[in-house]
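Summary of the model geometry
Next come the chains, spelled out residue by residue.
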Amino acid sequence: MSFRRRGEIVSGRERTPGVPVPNVANPMLNRSAVNRSVRGPPVSVGSKPPVTKNKEVKEEFSHPGVKPSIVLSHLPCMSTGTKDIDTILVHGGIPMDNMILIEEDGSTDFSGVLVKNFVSEGIIQNRLVGNGKILNHCIVIGMDSIYGNELYNIYAGNSKERKKKLVKEQEGKLSVSNINANNELKIAWRYKKELQNNNLKEIDNDNSKYPDYCHQFDITTNIRPSPGSPEISYISLDDGYDNILKQVNKIVENQLKNSKDNNKLIRIAIPYLLNPMIYGCSDELINLSNIFKFLFGLKKIMNTYSGRITMMSSISSELYDDSNGLLDILESMLFDGVLRLVPFPHELNVLMEKVYKTQREKIKQGYVDILRLPVLTSMGMMDKRLKEYCFKNSKSNFHVEQWSIPVEEEEIVEKTDF
Amino acid sequence: MASTSDLQEQALTFYKNKSNALTPSQNTLSLITHDSSNFPSWLIAGILQQSVSTNNECFLSPNFPSINKESSPSYVYSFTNTIQTYNKYFLKYNIKNNKNLHFTSFINSDAPPLASWYTSIISEIKSNRNPVVIIENPELVLLLDPTVTINKLLSQIQEIQKHCALYIVSTTSTSSSFTSTYLPSILHRSSLIISLTALTTGRADDISGTLTISTGPIPNENQIESRQYSYLISNSAVKLYFK
């Protein structure tokens, strides 16, 4: 065993300031593009050292809900409100000025959960980090205030975690028994805590650097008090797309230009795009040309206030098949990122129930297909991933992981030779 | 079976004349087709690098002779992308601040109105000598403005072509009734067709897709090098291999 001299400085792992640490806790983050950037640069045709502007993002604009992209550090990103969706988008969130579309097959409403998480994240950041300041403004198109009442509240932990929290709170209070207990266990407790901290430090480096970037939501609870007009705006579809665009522009201008806080961000949500329940049968609203013009107009507004707005929308891919080409156009020309949720067929559900009879947590609900990644697909990187990821939506988490086919272990039947 | 790591990297060339491997002659139309998952921004960056350079430099064909040539004014007009898409390539290959490179995105607030998109392009390029123009996804005009027909759009493109060496970038993944005959129509007016396709077997870590160069129906004074490449795009480089 060797010892270091007292005065010698123990060097930690060297890190470039400003470069985010990949999420060690989630192995998915360490795949593809991240790996590519970490690997030694391959010998390229006429390649020159890449120019990075890491400091640009942080020095010009600081917001607790913004962090640089993991793969293109000059791009600021905003969380989708779902940690695993941030991860499979490769950047670690939605790059600013980008639009994400969540398509969903079947009659389930998982995409609705993701859009609600996106809006809830904005509101929760206002409540937890803002200190009375409004950091995010959400614009919900096609919905009314009932939607705001149903936004998810932050996950408080399971009963065990809640009990622990309560005990901690009790420990903090001044009482005779606490003082005695503290004196006796002080050293051991501190030592244990330090050990724990050291272990967690490595894993949660990214989380600790941006602690308010993304939160975990409980879909059985709602944000109370419900968000009011300073935090959220609802735009009705009644007046047609031209008026919606005018209203969006007006709200964005009010929030960003005329506001005293110059670090506000805008989240635009269009849940259930073109769903007949909301859009009805009005010719104006379901006319494809009008839809394209509307989305193009939104893109223009987002680019006018560059670096401040992101958008998420959901659509049922079952309602719009390939015959009119709507989805093709949305995927290839209007949205920057496209994910598709495909619930498992009944047979697969039955098989999973059977295989994971004793490990219920392994049962998943569907595939997450990546059809387009923001910025990276436009840069030419082929990152289409079909049936590579699966998801499970639970009370407190929308969990995405790599898909593996469940293997049915055959029951060994003892054969008896007669 | 050989993987890409065993293969030798190749230089990209559209024409047999190596002194101008990626730049077409004036008044010609070249078509670049892609699908929704493999946009050719890296290829466009390569074309732009060679056209604005004064010594034939291009990261996609590095071994070609260094020749003193005139830098061509190059214009990119995009209906779908912003400069964000190209920033990395432009910075990496030192062309971002080149005075001959002009980027216009119709998504930006300062862009000319859609109704006059082609007149604004013509007025901008008209006075230049040997300009190279790249227009990304002009078919979006058909979707955004129902009064524009395919014939009208094609005649507008033809008008632009008269003043420059024109590249049109179009997607093959729209099966919409709006654009159904657009792609075959423009294909029949092109002298060079470059098509990027995803792998038929799905995604792979060592190959991003296939690039095919073929002669279009319109004759060209430069002889076209018909060829097929496999390409790999990673975070730090673009590599091409013969297929």
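Residues numbered from 1 in each chain as written. Chains lettered and ligands numbered in written order. Predicted model: local features only at pLDDT ≥ 70, side-chain atom pairs only at ≥ 80, totals over all residues. Heavy atoms only, no water.

As recorded in an unreviewed UniProt entry, chain B goes by Elongator complex protein 6 and comes from Pichia kluyveri. For the record of chain B, the UniProt heading Pathway (unreviewed entry) holds the text "tRNA modification; 5-methoxycarbonylmethyl-2-thiouridine-tRNA biosynthesis." In its Sequence similarities (unreviewed entry) section, the UniProt entry covering chain B states "Belongs to the ELP6 family." (UniProt positions renumbered as here; feature names shortened; annotations may be inferred.)

The name given to chain A in an unreviewed UniProt entry is Elongator complex protein 4, with Pichia kluyveri as the source organism. The Sequence similarities (unreviewed entry) field of the UniProt record for chain A holds the comment "Belongs to the ELP4 family." As stated in UniProt under Pathway (unreviewed entry), the record for chain A gives "tRNA modification; 5-methoxycarbonylmethyl-2-thiouridine-tRNA biosynthesis."

Counting its secondary structure elements, chain B contains 6 helices and 9 strands. In chain B, buried positions account for 60% of the 243 residues. Within chain B, contacts between residues separated by at least 24 positions form 69% of all contacts whose residues are at least 6 apart in sequence. Of the roughly 9400 Å² of accessible surface on chain B, 48% is carried by carbon and sulfur atoms. (Helix = DSSP H or I, 4+ residues; strand = E, 2+ residues; numbered from the N terminus. Buried < 20%, exposed > 50% of the residue type's maximum accessible area, 1.4 Å probe, protein only. Contact = heavy atoms within 4.5 Å. Areas by Shrake-Rupley, 256 points an atom, 1.4 Å probe, with all protein chains shown as cover.)

In terms of helices and strands, chain A carries 14 helices and 14 strands. Taking all 418 residues of chain A together, 48% fall into the buried category.

Residue and element names in this part refer to chain B. The strand order across the open sheet built from 9 strands is S3-S2-S4-S5-S1-S6-S7-S8-S9, with neighbouring strands paired in mixed fashion. Taken across any chain shown, the strands that pair with only one partner, and hence form the sheet edges, are strand S3 (101-105) and strand S9 (238-242). Across the sheet, the mean angle separating the axes of adjacent strands is 20° when strand polarity is ignored. As paired elements, strand S6 (residues 192-197) and strand S7 (residues 209-215) share 6 bridges and run antiparallel to each other. Bridge pairing in S7 places threonine 197 opposite threonine 210. Strands in contact with helix H1 (residues 41-52) are strand S1 (29-34), strand S2 (74-78), S3, strand S4 (132-136), strand S5 (165-171), S6, S7, strand S8 (227-233) and S9; relative to S4, the strand with the most contacts, it is inclined by about 165°. Its contacts with the sheet place helix H2 (residues 83-92) against S3, S4 and S8, and it is angled at close to 155° to S3. (Pairing = 2+ DSSP bridges. Axes fitted to C-alpha atoms, helices over the stretch in contact; angles between N-to-C directions.)

Enumeration according to the criterion identifies 16 aromatic pairs over all chains in this entry. Plain terms: the ring middles of tyrosine 241 of chain A and phenylalanine 294 of chain A are 4.7 Å apart, the flat faces sit at 25° to each other, and that makes the pair stacked. With a gap of 53 residues between them, tyrosine 241 of chain A in helix H9 (residues 240-257) and phenylalanine 294 of chain A in helix H12 (residues 288-304) connect regions that are remote in the sequence. Consider the rings of phenylalanine 79 of chain B and phenylalanine 106 of chain B, whose centres lie 4.4 Å apart with planes at 10°: the pair is stacked. Of this pair, phenylalanine 79 of chain B sits in the loop between S2 and H2 while phenylalanine 106 of chain B sits in the loop between S3 and helix H3 (117-125); the two residues are 27 residues apart in sequence, bridging distant segments of the chain. Judged by its relative accessible area of 1%, phenylalanine 79 of chain B falls in the buried class. Aromatic ring contacts, followed pair by pair, group Tyr75, Tyr77, Phe79, Phe106, Trp117 and Tyr118 of chain B into a single cluster. Lying over the aromatic face of phenylalanine 118 of chain A, arginine 267 of chain A brings its terminal NZ or CZ to 5.0 Å of the ring centre. (Phe/Tyr/Trp six-rings, centres within 6.5 Å; stacked < 30°, edge-to-face > 60°. Lys NZ or Arg CZ within 6 Å of the ring centre and 35° of its normal.)

What follows is about the interface of chain B and chain A. Opposite the 50 residues of chain B that make contact, chain A presents 50 residues. Buried area between chain B and chain A, both sides added, is near 4500 Å², and the carbon and sulfur share of it is 60%. The largest contributions to the chain B side of the interface with chain A come from Gln84, Arg203 and Asn235 of chain B, which together make up 16% of the buried area. Across the chain B-chain A interface, the total number found is 0 salt bridges. The interface formed by chain B and chain A includes 8 residue pairs in polar contact (both at pLDDT 80 or more). With 7 residues, H2 of chain B is the largest single contributor of residues to the side of chain B that touches chain A. (Buried area = accessible area lost by both parts, 1.4 Å probe. Salt bridge = Lys/Arg side-chain N within 4 Å of Asp/Glu carboxyl O. Polar contact = N/O pair within 3.5 Å; in protein donor to acceptor, adjacent residues only side chain to side chain.)

Below, the discussion takes up the pairing of S9 of chain B. All names here are of chain B. In terms of burial, S9 is a largely internal element, 4 of the 5 residues being buried. Here 5 bridges tie S8 to S9, and the two strands are oriented antiparallel to one another. Paired with isoleucine 233 across the bridge in S9 is valine 238. Between S8 and S9, which follow one another and run antiparallel, lie 4 residues.

As a further point, take the nonpolar core. With 81 residues, the main nonpolar core has Leu12, Phe14, Trp42, Leu43 and Leu211 of chain B as its most contacted residues. The element that contributes the greatest number of residues to this core is helix H4 (residues 110-129) of chain A, accounting for 8 residues. Setting aside residues no more than four positions away along its own chain, leucine 43 of chain B makes contact with Leu12, Phe14, Ile32, Leu60, Ile194, Leu196 and Leu211 of chain B. With 74 residues, the next largest nonpolar core counts Val248, Ile270 and Leu288 of chain A together with Leu144 of chain B among its residues. (Core = buried A, V, L, I, M, F, W, Y, C linked by side-chain atoms within 4.5 Å.)

Let us now look at helix H13 (residues 326-334) of chain A. Counting buried residues along H13 of chain A, 9 of its 9 residues qualify, which places the element largely inside the surrounding structure. Residues of H13 of chain A that are buried include every one of Leu326, Leu327, Asp328, Ile329, Leu330, Glu331, Ser332, Met333 and Leu334 of chain A, and no others.

Here we come to the sheet that holds strand S1 (residues 66-68) of chain A. Either a parallel or an antiparallel arrangement is found when strands of a sheet pair, and the pairing is made through backbone hydrogen bonds. Residue and element names in this part refer to chain A. Read across the open sheet, the 3 strands follow the order S1-S2-S3; overall the sheet is antiparallel. If you trace the sheet from one side to the other, it starts and ends with S1 and strand S3 (94-95), each paired once. Two strands pair when backbone bridges link them, and strand S2 (residues 76-78) and S3 are joined in this way by 2 bridges, in the antiparallel orientation. In the sheet register, cysteine 77 faces S3, and the bridge partner there is proline 95.

So, about the packing of H12 of chain A against H13 of chain A. Working note: a packed helix pair is described by the angle between its axes plus the distance between those axes. Residues and elements named next belong to chain A. Here H12 crosses H13 at 20°, and the two axes come no closer than 12 Å. By the criterion of interaxial angle, the relationship of H12 to H13 is roughly parallel. H13 is crossed by H12, and the crossing has right-handed handedness. Along the contact surface, H12 presents Leu288, Phe292, Leu295, Phe296 and Lys299, while H13 presents Leu326, Ile329, Leu330, Met333 and Leu334. Residues that form the contact of H12 with H13 fall into these classes: 9 nonpolar, no polar and 1 charged. (Parallel < 35°, antiparallel > 145°, perpendicular 65-115°, else oblique. Left-handed = near helix turned anticlockwise from the far one by under 90°. Nonpolar A, V, L, I, M, F, W, Y, C, P; charged D, E, K, R; others polar.)

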